[in-house]
Amino acid sequence: MGDMEKRALLASALALLILIAYQFFFAPPPPRPKAERAEEVPAAPPAVVPEAARPAPPRPPVAVRKPEREERIRLETDLLEVTLTNQGGTVLSWRIKRYTDEAGQPLDLAPPHEPGEPPISLAAWVEGGRGPDQLLEVVTRPSGSPGQPQTVLFRAAEPGGLILEKRLTLQPGKYQADIELRLLNRGAGATTPNLRVAWGPGFRGAAKPGAGPPGGQAIALVGGKRVTEDVTKLTEEAVHKGEISWVAVQDSYFAAALVPVGGTPAAVIGKGAGDRPVAALRFAGTALPGGAERVQAVRFFGGPKEVERLSELGHDLEQLVDLGWFGFLARPALYLLKFLYRFTGNYGVVILLVTLLQKVAFLPLTQKSLKSMQAMQMLQPKVAAIRERHKNNRQKMNQETMELYKRHGVNPLGGCLPMVVQIPIFIALYNALSSSVELWRAPFILWIDDLSAPDTLFVLPFTVPFLGEGFPFRVLPLLMGASMFIQQKMTPTAGDPRQAQMMLYMMPTLFTFLFWGFPSGLVLYWLGSNVLQIAHQYYMNRFSQKSPAAEA
């Protein structure tokens with residue numbers, strides 16, 4: 001479960017706590033695959049590819065030219081602008097044309113590299129060989145227009161007569177690269193090379209607040225189950241074995257995922273400088289005789305976590321989008337967001353419309369809850385009299401209180417249970433919004449120009465005690481806290497007035513701080529829900545009639 005979902009669950013639990021406190025306190029009565037630590041991989045696992053090592057067909061002797069300097073190769077499709085270097089064949093930039101960064105430039109998913117730390121994003125190398133940072137020969141370069149597949153072929157000589165070839169092809173219309181790794185043994189004897197391909201350390205630049213941990217999150221799908229690693233706690237590589245669907249580094253909206261096509265690799269998660277995650281596939285080798293070759297295919301996805309596109313790519317890549325426990329409800333909500341956007345052209349308006357639709361759908365339940373709370377409030381003088389009369393006999397007090405509720409047709413749980421039913425829907429919509437890449441840099445109105453980031457009106461020019469220098473002033477969390485205060489003020493309560501007064505100020509304050517770093521789209525959703533609840537409560541308080549039975 002991600003940090004965002006934990007905070008959403010905490011917020012919902014606190015909201016439910018308010019209802020429970022009013023109803024009861026104031027009134028009477030999936031197994032995660034075990035990660036193995038890095039160890040020497042024996043030569044027993046299956047071959048690097050689904051097919052056994054085979055003698056290479058007759059071909060001219062391969063002469064590997066040793067480059068004298070670093071070269072950069074640029075590939076472009078309709079969706080991507082990619083720059084590679086022949087130093088390890090790694091990615092220097094992986095720019096997505098349809099999504100922009102804060103400077104308005106195509107978003108770059110390639111991680112920045114620390115001084116002295118070699119880049120290894122999409123590097124492929126033989127373990128125990130010359131490593132991922134050697135200079136490779138550029139055999140073929142991309143040609144043609146961005147509407148055609150773009151291919152580059154690297155070649156390198158490894159110790160013992162091994163030759164490693166890496167062919168990378170970008171496909172138009174896709175955020176993916178097809179990678180073919182070919183090992184040729186030109187030595188006289190057999191060898192058992194282990195092959196590795198990786199991404200990292202890290203993932204794009206510094207993540208925006210609310211978009212995930214800095215440097216990205218390392219995650220793998222092993223045996224159909226999501227496995228995450230807190231790399232800050234790793235002292236050595238974590239190796240996961242089993243049915244590996246993919247291993248990735250990601251944030252809330254984008255991902256870089258390595259997908260094995262055949263073979264039985266291990267998913268390896270490590271870390272680089274600054275505790276930035278590294279994700280890799282490790283293919284254990286079997287004996288590769290002299291004159292034989294082996295081929296392993298790997299698919300790389302580097303792009304936005306659009307559920308429809310990920311589903312089309314297969315390999316369970318749609319599970320990169322973590323919709324939480326109520327994913328079966330959140331997934332339709334994502335489609336609803338996109339559908340409404342066709343008519344509004346503004347995702348802020350879409351969020352408010354979805355909030356309104358949710359309110360209308362649950363209007364009968366909310367109405368029943370509010371009526372029950374009003375009835376409880378009307379009976380409070382009679383409950384207080386029973387308490388005073390039987391203050392030394394709790395059993396008698398509870399018995400007469402329940403008889404009073406029964407006589408007037410009031411269910412003590414009636415104000416709470418209808419709201420409990422709505423919590424899964426609320427969490428599902430919340431997770432759908434927190435995982436929707438469509439909100440990336442999507443403007444709403446006025447100063448709210450990015451619904452995937454907190455709204456910052458200005459930065460305070462002085463130091464705030466306990467909060468530090470440059471504290472951002474944000475309007476939506478303040479409005480949300482104020483709306484929560486008004487909502488609680490208008491909600492019927494029963495019980496100790498002093499405790500009710502304490503909750504009235506404590507809960508809005510707590511929620512304001514909790515939501516301060518949330519993306520503005522999520523805060524807007526909660527604010528809209530509060531405002532609609534206030535309007536409904538105002539209607540109930542103004543126009544609903546008191547129960548004649550309660551006054552009897």
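Above this text sits the structure in question.
As a starting point, this report considers the structure included with it. (Residues numbered from 1 in each chain as written. Predicted model: local features only at pLDDT ≥ 70, side-chain atom pairs only at ≥ 80, totals over all residues. Heavy atoms only, no water.)

## Remarks on helix α4 (residues 347–361)
Then, in step 1: Helix length check: α4 (15 residues) gives 21 Å between terminal C-alpha atoms against 21 Å at 1.5 Å per residue, within 8%.
Then, in step 2: The backbone nitrogen of G348 lies 2.7 Å from a side-chain oxygen of the residue at the head of α4, namely N346. (Helix = DSSP H or I, 4+ residues; strand = E, 2+ residues; numbered from the N terminus. Expected span 1.5 Å × (residues − 1). Polar contact = N/O pair within 3.5 Å; in protein donor to acceptor, adjacent residues only side chain to side chain.)

## Remarks on a nonpolar patch on the surface
Then, in step 1: Taken together, the side chains of V349, L353, L356 and V360 present a nonpolar region at the surface, about 290 Å² in accessible area.
Then, in step 2: Assignment of secondary structure puts V349 in helix α4.
Then, in step 3: Take V349: its relative accessible area is 33%, and that puts it in the partly exposed class. (Patch = residues over 30% accessible without salt bridge, like charges linked within 9 Å, V, L, I, M, F, W, Y side chains within 5 Å. Areas by Shrake-Rupley, 256 points an atom, 1.4 Å probe, with all protein chains shown as cover. Salt bridge = Lys/Arg side-chain N within 4 Å of Asp/Glu carboxyl O. Buried < 20%, exposed > 50% of the residue type's maximum accessible area, 1.4 Å probe, protein only.)

## Observations concerning the packing of aromatic side chains
Then, in step 1: Under the definition given, this model contains 13 aromatic pairs.
Then, in step 2: Ring geometry for W199 versus F300: centroids 5.1 Å apart, planes at 15°, classification stacked. One end of the pair, W199, is in strand β12 (residues 195–199); the other, F300, is in strand β20 (residues 292–304), with 101 residues separating them in the sequence.
Then, in step 3: For F300, a relative accessible area of 0% translates into the label buried.
Then, in step 4: Ring geometry for F515 and F518: centres 4.7 Å apart, planes at 40°, overall tilted. For the residue pair F515 and F518, the accessibility class agrees, reading buried in each case.
Then, in step 5: Grouping aromatic residues by their ring pairs yields a cluster made of Y99, Y253, F254 and W440. (Phe/Tyr/Trp six-rings, centres within 6.5 Å; stacked < 30°, edge-to-face > 60°.)

## A look at the side chain of R276
Then, in step 1: Mapping R276 onto the fold places it in the loop between β18 (266–271) and β19 (277–283).
Then, in step 2: When its relative accessible area of 9% is taken as the criterion, R276 is described as buried.
Then, in step 3: Reaching out from R276, the side chain makes a polar contact with the backbone oxygen of A273 at a distance of 3.2 Å.

## Quick notes on the pattern of salt bridges
Then, in step 1: For the structure on display, the rule yields 18 salt bridges.
Then, in step 2: R299 is the partner of D178 in a salt bridge, and the nearest nitrogen-oxygen pair spans 3.2 Å. With a gap of 121 residues between them, D178 in strand β11 (residues 176–185) and R299 in strand β20 connect regions that are remote in the sequence.
Then, in step 3: What makes R299 partly exposed here is its relative accessible area of 26%.
Then, in step 4: The partner of D275 in a salt bridge is K271, and the shortest N-O contact between them spans 3.2 Å.
Then, in step 5: Looking at K271, the relative accessible area reads 36%, which means it is partly exposed.

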